Amino acid sequence: QVQLVESGGGLVQAGGSLRLSCAASGRTFSSYAMGWFRQAPGKERELVAAISWSGGMTYYADSVKGRFTISRDNAKNTVYLQMNSLKPEDTAVYYCAAHSGAWHTVSTTTEYHSWGQGTQVTVSS
């Protein structure tokens, strides 16, 4: 298990950028794939992006492809989400979580654990 803390959220105008960070404690961070999720009011939590333990494989939801980039630095126990060309519909609480299963299950929410507390992203029009 790892403990995860997100940061970097805030208020930004449409078209702007934000970089979210997820800092992990624990020695096992580099053994997990990691995911960024978001949850808007009244909506289900959805997977935005995921990255394999080595960083060699990534997954993006169709809604963010070409705008968001997930990366990780295992030496710093941190995973990042660079968000560009933000839209009002990107407004949500963003969470990171660790994934223990095989890569083909990376889009399965129930395969994630050790959720962070979330960071609010608000995009104004």
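Presented here is an overview of the structure given in this document.

Procedures and definitions
- Residues numbered from 1 in each chain as written.
- Predicted model: local features only at pLDDT ≥ 70, side-chain atom pairs only at ≥ 80, totals over all residues.
- Heavy atoms only, no water.
- Helix = DSSP H or I, 4+ residues; strand = E, 2+ residues; numbered from the N terminus.
- Rg over C-alpha atoms; globule rule 2.2 N^0.38 Å.
- Buried < 20%, exposed > 50% of the residue type's maximum accessible area, 1.4 Å probe, protein only.
- Contact = heavy atoms within 4.5 Å.
- Areas by Shrake-Rupley, 256 points an atom, 1.4 Å probe, with all protein chains shown as cover.
- Lys, Arg positive; Asp, Glu negative; His and termini not counted.
- Charge placed at Lys NZ, Arg CZ, Asp CG, Glu CD.
- Phe/Tyr/Trp six-rings, centres within 6.5 Å; stacked < 30°, edge-to-face > 60°.
- Lys NZ or Arg CZ within 6 Å of the ring centre and 35° of its normal.
- Salt bridge = Lys/Arg side-chain N within 4 Å of Asp/Glu carboxyl O.
- Disulfide = S-S within 2.5 Å.

Turning to the overall build of the protein chain, a few remarks are in order. A count of helical and extended segments in the protein chain gives 0 helices and 11 strands. Taken from the N to the C terminus, the helices and strands of the protein chain come in the order β-β-β-β-β-β-β-β-β-β-β. In terms of overall size, the protein chain behaves like a compact globule, its C-alpha atoms giving a radius of gyration of 13 Å where 125 residues would be expected to give roughly 14 Å. Projected onto the principal axes, the alpha-carbon positions of the protein chain cover approximately 40 × 25 × 25 Å. A total of 125 residues make up the protein chain; the buried ones form 45% of that total. Considering only contacts within the protein chain whose residues lie at least 6 apart along the sequence, 58% involve residues at least 24 apart. When the accessible surface of the protein chain is totalled, it reaches about 6,200 Å², and 49% of it is carbon and sulfur. Of the charged side chains in the protein chain, 10 are positive and 8 negative; the average position of the first set lies 6 Å away from that of the second.

Here the focus is the packing of aromatic side chains. This model, assessed by the stated rule, comprises 3 aromatic pairs. Ring centres of Tyr112 and Trp115 lie 6.3 Å apart, and the angle between their planes is 50°; on these two criteria the pair is classed as tilted. The class for Trp115 is partly exposed, based on a relative accessible area of 29%. Put simply, the rings of Phe37, Tyr112 and Trp115 pair up and form one aromatic cluster. A cation sits over an aromatic face here: Arg19 above Tyr80, 4.0 Å from the ring centre.

Taken as a whole and assessed by the stated rule, the structure comprises 4 salt bridges. As a salt-bridge pair, Asp90 and Arg38 come within 2.8 Å of each other at their nearest N and O atoms. With Asp90 in the loop between strand S8 (78-83) and strand S9 (92-99) and Arg38 in strand S4 (residues 33-39), the pair connects residues that are 52 residues apart, well separated along the chain. Residue Arg38 is classed as buried on the basis of its relative accessible area, which comes to 6%. Sharing partners across several salt bridges, the network here consists of Arg38, Glu46, Arg67 and Asp90.

This part is about the state of the cysteines. Evaluated as defined, the whole model comprises 1 disulfide. Linked covalently through their sulfurs, Cys22 and Cys96 form a disulfide whose S-S length is 2.0 Å. Across the S-S bond linking Cys22 and Cys96, the dihedral sits near 65°, which makes this disulfide right-handed. One end of the pair, Cys22, is in strand S3 (residues 18-25); the other, Cys96, is in strand S9, and 74 residues separate them in sequence.

To continue, consider the environment of Phe37. Mapped onto the fold, Phe37 is located in strand S4. Taking the relative accessible area as the measure of exposure, Phe37 reaches 0% and is therefore buried. Along the primary structure Phe37 and Ala50 are separated by 13 residues, whereas in three dimensions their C-alpha atoms are 8.8 Å apart. Not counting chain neighbours up to four residues away, the residues in contact with Phe37 comprise Arg45, Glu46, Leu47, Val48, Val93, Tyr94, Tyr95, Ala97, Thr109, Tyr112 and Trp115.

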